[in-house]
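Listed below are the residues making up each chain.
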Amino acid sequence: MIKIGLTGFGDHEELYGKIKPAERLPTYSAHFPIVEIDSSFYAVQPVRNYAKWASQTPEDFRFIVKAYQGMTGHLRGKKNYYDTPEEMYQAFHTSIEPLQATGKLALVLFQYPPWFDCSRDNVDLLRETKERMLGVPSAVEFRNRSWYEDGMRERTLQFLEKEGWIHTVADEPQAGTGSIPVVPVATHPDMTYVRLHGRNAGGWNQSSDPNWRKLRYLYSYSTEELTEWRDRLLELEKSCRELYVVFNNNSGGDATDNAKELMSMLDIEGGLAPLQLDLF
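Fair warning: this is a prediction, and the values are worked out from it, not measured in the lab.

Let's talk about the overall build of the protein chain
So, point 1. What the protein chain contains, in helices and strands, is 12 helices and eight strands.
So, point 2. Taking 2.2 N^0.38 as the reference for a compact globule, 280 residues should give roughly 19 Å; the C-alpha atoms of the protein chain span a radius of gyration of 18 Å, in line with that estimate.
So, point 3. Evaluated residue by residue, the protein chain yields a buried proportion of 50% over its 280 residues.
So, point 4. Long-range pairs, those at least 24 residues apart, make up 77% of the contacts in the protein chain with a sequence separation of at least 6.
So, point 5. Carbon and sulfur atoms form 48% of the exposed surface of the protein chain, whose accessible area is close to 12,900 Å².
So, point 6. Distance from the positive charge centre (31 side chains) to the negative charge centre (40 side chains) of the protein chain: 3 Å.

Here it is, written out as structure tokens:
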């Protein structure tokens, strides 16, 4: 089954206009059945946030939670609010309990930074991380090309399959070492994750620009490009039970239209029946 959504639910004015924050997730869930939570990358979220989000969404709605940056090596000297890895992972597990209790957690995404290359130390770290996740479905997204080149592609995929990692298939500009090719392969029988970042090659590596995040994801997929992805997804769907697809090209408000066009191509109906809530 293919499920399509967006990254984040709070910044899509093209979807629901300027409505109050409390109304955004319930409105979003009437259009899409999944969402990727990005705020969890910057800080482990309070339990109350996930409990609230779970209560605001229909029974069949699912959340993809991005792993905290301290768990993926992004801090690089910045303050980690946890003294030990054990404390950090325990806090994260406690945080997501409401989603697990309601059956609304699809997976946790470990997106590694561009400097996380294919090395023995990092392979060992992936093993350790998978153990620390205690069986919670976990996906890995690489941002360093070395995992897929120089004869490493098949070895990487075999390793992910052996260790029980869900493979994240990424669509992004081909802009040097800090980007990866499209590798539409499932490594887990239950799930595969697909993230569509756009193809803005000029903005992908502009990390020195104060608006680099907007530049990186400023892109609109053409109908031709979406047709290519439709065909890939239909083939990939044969290899796993659930196929989660999110659009991350949010900077110019293009993600919603692209997602809905792809859903139409796949004959996927809109989101779930909205939950009736007392929001005030």
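Looking at helix α5 (residues 85-95)
So, point 1. Among all positions of α5, only M88, Y89, F92, H93 and S95 are buried. Relative to the axis of α5, the buried residues are bounded by an arc of 160 degrees and lie together on one face.
So, point 2. The inward-facing, buried residues of α5 contact α4 (47-55), β3 (62-66), α6 (97-101), β4 (105-111) and α7 (120-132).

Digging into the packing of aromatic side chains
The way to describe two aromatic rings as a pair is by their centre distance and the angle between their planes.
So, point 1. Under the criterion given, the structure shown has 15 aromatic pairs.
So, point 2. A centroid spacing of 5.3 Å and a plane angle of 80 degrees characterise the contact between Y219 and Y221, whose relative ring orientation is edge-to-face.
So, point 3. Among the aromatic residues, those joined into a ring-pair cluster are F110, Y112, F116, F142, W147, Y148 and W165.
So, point 4. The ring of F41 has K66 sitting right over it, with the charged end atom 5.1 Å from the ring centre.
So, point 5. The residue whose ring lies beneath R76 is W115, and the NZ or CZ to ring-centre distance is 3.9 Å.

Some words on the environment of P189
So, point 1. Along the chain, P189 falls in the loop between β6 (166-171) and β7 (191-196).
So, point 2. Contact partners of P189, with chain neighbours within four places excluded, come to S239, C240 and R241.

Re the pattern of salt bridges
So, point 1. Under the criterion given, the structure shown has 16 salt bridges.
So, point 2. Here R143 and E141 are joined by a salt bridge, their closest N and O atoms 3.8 Å apart.
So, point 3. Classification of E141 by relative accessible area gives buried; the value is 0%.
So, point 4. Note that D231 and R230 form a salt bridge whose closest N and O atoms lie 3.0 Å from each other.
So, point 5. Using a relative accessible area of 26% as the deciding quantity, one classes R230 as partly exposed.

With respect to unusual backbone geometry
So, point 1. The residue L134 is not glycine, and still its phi comes out positive at about 55 degrees.
So, point 2. As for its placement among the helices and strands, L134 is situated in the loop between α7 and β5 (138-141).
So, point 3. You can call L134 exposed: its relative accessible area is 66%.

Digging into the sheet that holds β7
So, point 1. Sheet architecture is closed into a barrel: eight strands sit in the order β1-β2-β3-β4-β5-β6-β7-β8, paired in parallel fashion. Ignoring strand direction, the axes of neighbouring strands in this sheet form an average angle of 25 degrees.
So, point 2. Sheet analysis places β6 next to β7, joined by four bridges and oriented parallel. Bridge assignment links V169 to a residue of β7, and that residue is V194.

Looking at the packing of helix α11 (residues 223-236) against helix α12 (residues 255-265)
When two helices pack together, their arrangement is captured by the angle between the axes and the distance separating the axes.
So, point 1. Here α11 crosses α12 at 50 degrees, and the two axes come no closer than 10 Å. Judged by the inter-axis angle, α11 sits oblique to α12. As α11 packs across α12, the resulting crossing turns out to be right-handed. Of α12, the residues touching α11 (which contributes T223, L226, T227, R230 and L233) are N258, E261, L262 and M265.

Digging into the pairing of strand β8 (residues 242-247)
So, point 1. Of all six residues that make up β8, six are buried, and the element is covered over most of its length.
So, point 2. Side chains E242, Y244 and V246 project from β8 onto one buried face, and the interleaved L243, V245 and F247 project onto a second face that is buried too.
So, point 3. One ladder, built from five bridges, connects strand β1 (residues 2-7) with β8; its direction is parallel. Within β8, the residue paired with G5 across the bridge is V246.
So, point 4. Where β7 meets β8, six bridges bridge the pair, whose relative direction is parallel. From the neighbouring strand, R195 faces β8, where its bridge partner is V246.

Thoughts on the environment of K104
So, point 1. By secondary structure assignment, the location of K104 is in the loop between α6 and β4.
So, point 2. We classify K104 as buried; its relative accessible area is 6%.
So, point 3. In terms of polar contacts, K104 uses its side chain to reach the backbone carbonyl oxygen of P58, at 3.1 Å.

Here is what the cut-offs are and how they apply
- Residues numbered from 1 in each chain as written.
- Predicted model: local features only at pLDDT ≥ 70, side-chain atom pairs only at ≥ 80, totals over all residues.
- Heavy atoms only, no water.
- Helix = DSSP H or I, 4+ residues; strand = E, 2+ residues; numbered from the N terminus.
- Rg over C-alpha atoms; globule rule 2.2 N^0.38 Å.
- Buried < 20%, exposed > 50% of the residue type's maximum accessible area, 1.4 Å probe, protein only.
- Contact = heavy atoms within 4.5 Å.
- Areas by Shrake-Rupley, 256 points an atom, 1.4 Å probe, with all protein chains shown as cover.
- Lys, Arg positive; Asp, Glu negative; His and termini not counted.
- Charge placed at Lys NZ, Arg CZ, Asp CG, Glu CD.
- Arc of directions from axis to C-beta.
- Phe/Tyr/Trp six-rings, centres within 6.5 Å; stacked < 30°, edge-to-face > 60°.
- Lys NZ or Arg CZ within 6 Å of the ring centre and 35° of its normal.
- Salt bridge = Lys/Arg side-chain N within 4 Å of Asp/Glu carboxyl O.
- Pairing = 2+ DSSP bridges.
- Axes fitted to C-alpha atoms, helices over the stretch in contact; angles between N-to-C directions.
- Parallel < 35°, antiparallel > 145°, perpendicular 65-115°, else oblique.
- Left-handed = near helix turned anticlockwise from the far one by under 90°.
- Polar contact = N/O pair within 3.5 Å; in protein donor to acceptor, adjacent residues only side chain to side chain.

Function cannot be read off these values alone, since they describe shape.
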